[in-house]
Amino acid sequence: MDLRQLRHFAAVAETLHFGRAAERLGMTQPPLSQSIQALERELGAALFARTKRSVALTPFGAQWLPHVEGALERVNDLPEIARRLREGEAGRLELSFVSTADYSILPMLVRRYAALFPDVEIALTEATSDVQITALRDGKGHAGIIIAPADRVLPPGLAYRQLVSEPLIAAIPEAWIADGRITLVDGHVPAETVVGQPLIIFPRRVAPAFHDLVTGYHAAWRGTPRIVQEAIQMQTIISLVSAGMGISLVPASLRNLARTGVRYADLRDAPPVLETGIAWRQDYVPATLARFLDIAAETAAGQPLASASPIL
């Protein structure tokens, strides 16, 4: 059977008159009758009970009609579905992100995007910057929110756009402040205090820009980082700080990650600034991603980080 036969059947079922159905369909009655007869032969059952004066649906035809109407309705929806897919109003967006972004720009981006395009399926994956960049180069995913390389240079074929820059702050064990091991000055921690403490940090292999920013801060104040623990999840780093293993320099938006036993304090002396941005393949920008990039550009313009709250 083909789509025309289904339309023929639906028209006759609605009018219960071959002549009026043929007129509605813009055809003559004989080919319409032949089309219905061919459909009945294919189905192996009569769709209509015909007399010289009337046409009625058979019980089989009456039961089959709702299925045909549903199929025709879905077919009629195909052009609109295609338009929505073409314009990024429906479909799928595959987005990866570093853990720090979940406390800064990511919640705002996702909530705004989902509110504007509720029919787009958003697939979120947390991963370090190096994993994301490799995946994008391998053709996996649509875009990734990464910590920017120091020179903002990504591998060939990848595009990059800045989303947010924020200063680093110190995450300090609360007990160290209570017992006087670390003294804050007007709520700030001096650089010479920071560089003398055991440090918890991201491994350089997974976050070279972040790692170098922290170690560079120590070097600028003539200190040698005393790294006691490395972790690739920001939540893990803050847990280790809470356990009293050391301090960590983290993005200011990590204040949104409240943890018992941890005090966040601004750096008093020239805090380093961490940049987070979005990367994607230059040769593959599906409509859903194009929409997301537009929203990212709007969202990144001046949105206060303190209003963010994690989505995962």
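Analysis parameters
Along each chain, residues carry numbers from 1 onward, in the same order as the chain's sequence is written. Totals for whole chains, interfaces and linings use every residue, but because this is a predicted model, local features are given only for residues with pLDDT of at least 70 and side-chain atom pairs only at 80 or more, for both listing and counting. With hydrogens and water excluded, all non-hydrogen atoms of the structure serve as input to the side-chain values. Each pair of aromatic rings taken from Phe, Tyr and Trp, with Trp reduced to its six-membered ring, is defined by centres within 6.5 Å and is described as stacked if the planes are under 30 degrees apart, edge-to-face if over 60, and tilted in the remaining cases. Helix and strand definitions follow DSSP, with helices as H or I runs of at least four residues and strands as E runs of at least two, each counted in order from the N terminus. The buried label goes to any residue with under 20% of its type's maximum accessible area, the exposed label to any with over 50%, and the partly exposed label to all in between, with areas taken from a 1.4 Å probe on protein chains only. Whether a charge sits over a ring comes down to the Lys NZ or Arg CZ being within 6 Å of the ring centre and within 35 degrees of the ring normal. Two strands are counted as paired when DSSP detects at least two bridges linking them. A clockwise course of the path from the first strand over the helix to the second, judged with the strands pointing away from the viewer, identifies a crossover as right-handed. Between two residues, a contact is recorded if the distance between any of their heavy atoms is within 4.5 Å. By construction, the arc corresponds to the directions joining the helix axis to the C-beta atoms.

1. Some thoughts on the packing of aromatic side chains
So, step 1. For the structure shown, the criterion picks out seven aromatic pairs.
So, step 2. Plain terms: the ring middles of Tyr-113 and Phe-292 are 5.4 Å apart, the flat faces sit at 75° to each other, and that makes the pair edge-to-face. One end of the pair, Tyr-113, is in helix α5 (residues 106-116); the other, Phe-292, is in helix α11 (residues 287-299), with 179 residues separating them in the sequence. Of the two residues examined, Tyr-113 and Phe-292, each falls in the buried class.
So, step 3. Between the aromatic rings of Phe-202 and Phe-210, the centroid separation amounts to 5.3 Å while the plane-to-plane angle is 40°, which identifies the pairing as tilted.
So, step 4. These aromatic residues form a ring-pair network of at least three members: Phe-9, Phe-18, Phe-48, Phe-60 and Trp-64.
So, step 5. A cation over a ring is seen here: Arg-181 above Trp-176, with NZ or CZ 3.6 Å from the ring centre.

2. Here's the deal with the pairing of strand β9 (residues 226-230)
So, step 1. In the sheet, strand β8 (residues 198-201) pairs with β9 via four bridges, with the strands oriented parallel. Bridged to Ile-200 within β9 is Gln-229.
So, step 2. In this region the chain leaves β8, passes through helix α9 (residues 208-220) and returns to the parallel neighbour β9; the handedness of that crossover is right-handed.

3. Brief notes about the side chain of Ser-35
So, step 1. As for its position among the elements, Ser-35 is in helix α3 (residues 29-43).
So, step 2. In this structure, Ser-35 is in contact with Gln-5 and His-8, ignoring residues within four places of it in sequence.

4. Considerations on helix α2 (residues 18-25)
So, step 1. All buried positions along α2 are accounted for by Phe-18, Ala-21 and Ala-22. End-on, the buried residues of α2 take up no more than an arc of 100°, which puts them together on one face.
So, step 2. Once α2 ends, the next one or two residues include Gly-26, with phi positive near 75°.

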